[in-house]
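A look at the structure
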Amino acid sequence: MNDPSRPRAYYSARKNGPQATKLSLDDLRIILYSAYAYYAGNGFFVEAFGYDCVDDGYIAGTVGGNIDVFVRMTLFKSELWPLDVRYMEYDEDDCFTMIEFLFDHVSKPNTKNYHDWNNCGYHYSDFDKQAGQEDFRSRFVVPLERYGDGWELTEAGEIMSLPPSGMTTLLAAKPPTDDKTVLSTVEDAKGRFRRHGSTIKEREVAVRDLADVLEWIKPHINTALMNKDSSDLYNIANQFGIRHMNQNQKLNYDKAVWLSWMFYHYLNTINAALHIIERQSLVHKAPVKT
């Protein structure tokens, strides 16, 4: 069954495959402007950016009376605002930055009243930030998937790389543990690895952090897995120059490919091992039948 939130694949897309639907940077710029124009025209930025009234003049929103200055102070870059004037000058970083910025400042108006004096227009009120962000995020699902290597706007409002096919559930899953060290380290590693602009070095750190999590839970893993299986997990990181440097390590490999494989391998292993540990813990706690 087709997803009703996605456009139907028409003839050219079916014939030519995924490459036919890839978007360029110019496409992304235009889509960003189109989204901004739509939401601005329907009052979704009134709460943050304010509005004009023929009776009262400009009414400032929550960001203050000078949006350009607020953007500069918040994003540490000039010449991004106003978006409808500057958008065709944006590079990829600018586009992604503005998508995140708009996500943070969009809110859906639940009430609108028409001010007919001198055709002033609609005035909006009773804003719902969460509903606005959900609506805004849904608008960028398909464009970001089709741009470049594939991206997504997360529920937290961050642009992240799309995971390989079949790994979405793994990334969304919370490790089955109450260990705060494990939980915080895994979440930090996910963000570091998938964040837009992450370097090879940052991805190495993310993989190393996951290997450290395995080291942290190693005493429990040794009881859940065969000793050889357990030691093999650490040999992968050690032999490929991720953890402890030595002369025997394999350093001449395609890091982009291998790091991606190791990241998802370790993440999957951590979740599987913790599930086994949790299951064994429940078995040991189960009352003995008499």
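In the block above lies the structure referred to throughout.
Figured I'd write up the structure that's included with this text. (Residues numbered from 1 in each chain as written. Predicted model: local features only at pLDDT ≥ 70, side-chain atom pairs only at ≥ 80, totals over all residues. Heavy atoms only, no water.)

Here we look at the packing of helix α4 (residues 67-75) against helix α6 (residues 92-105)
Between α4 and α6, the shortest axis-to-axis distance is 12 Å and the interhelical angle comes to 115°. With respect to their mutual orientation, α4 and α6 come out roughly perpendicular. The element α4 and its partner α6 pack so that their crossing is right-handed. Judged by residue contacts, Phe70, Val71, Thr74 and Leu75 of α4 engage Thr97, Met98, Phe101 and His105 from α6. A per-class count over the contact of α4 with α6 returns five nonpolar, three polar and no charged. (Axes fitted to C-alpha atoms, helices over the stretch in contact; angles between N-to-C directions. Helix = DSSP H or I, 4+ residues; strand = E, 2+ residues; numbered from the N terminus. Parallel < 35°, antiparallel > 145°, perpendicular 65-115°, else oblique. Left-handed = near helix turned anticlockwise from the far one by under 90°. Contact = heavy atoms within 4.5 Å. Nonpolar A, V, L, I, M, F, W, Y, C, P; charged D, E, K, R; others polar.)

Notes on the environment of Val54
Of note, Val54 is situated in the loop between β1 (51-53) and β2 (57-59). Accessibility expressed as a relative area gives 40% for Val54, which makes it partly exposed. Other than its neighbours up to four places away in sequence, Val54 contacts His115, Trp117, Asn118 and Cys120. (Buried < 20%, exposed > 50% of the residue type's maximum accessible area, 1.4 Å probe, protein only.)

Some details on helix α2 (residues 25-41)
Across its 17 residues, α2 extends 24 Å between first and last C-alpha, which sits within 8% of the 24 Å expected from 1.5 Å per residue. Within the span of α2, buried status applies to Leu28, Arg29, Leu32, Ala35, Tyr36 and Tyr39. The buried residues of α2 occupy one face: seen down the axis, they fall within an arc of 130°. Those residues of α2 that are buried lie in contact with α5 (83-86), α6, α7 (129-139) and α8 (141-146). One or two residues past the end of α2 sits Gly43, with phi positive at roughly 80°. (Expected span 1.5 Å × (residues − 1). Arc of directions from axis to C-beta.)

Digging into the packing of α6 against α7
Two measures define how a pair of helices packs: the angle their axes make with one another and the distance between the axes. One can describe the packing of α6 onto α7 by two numbers: an axis separation of 8 Å at closest approach and a directional angle of 150°. Judged on the interaxial angle alone, α7 and α6 are roughly antiparallel. Across the interface between the two elements, Ile99, Leu102, Phe103, Asp104 and His105 from α6 touch Lys129, Gln133, Phe136 and Arg137 from α7. Here the residues of the contact of α6 with α7 are counted per class, giving four nonpolar, two polar and three charged.

Here we look at the packing of aromatic side chains
Applying the stated criterion across every chain, the model contains 20 aromatic pairs. Taking the centre distance of 6.4 Å and the plane angle of 45° together, the rings of Tyr122 and Tyr124 count as tilted. Geometrically, the ring pair formed by Phe136 and Phe140 is tilted, given 5.0 Å between the ring centres and 50° between the ring planes. Phe140 carries the same exposure label as Phe136, and that label is buried. Cluster of aromatic residues (ring-pair linked, three or more members): Tyr36, Phe45, Phe49, Phe70, Trp81 and Phe101. Just above the ring of Tyr122 sits the side chain of Lys112; from NZ or CZ to the centre is 4.4 Å. Over the ring of Phe193 we find Arg203, and its NZ or CZ is 5.0 Å from the ring centre. (Phe/Tyr/Trp six-rings, centres within 6.5 Å; stacked < 30°, edge-to-face > 60°. Lys NZ or Arg CZ within 6 Å of the ring centre and 35° of its normal.)

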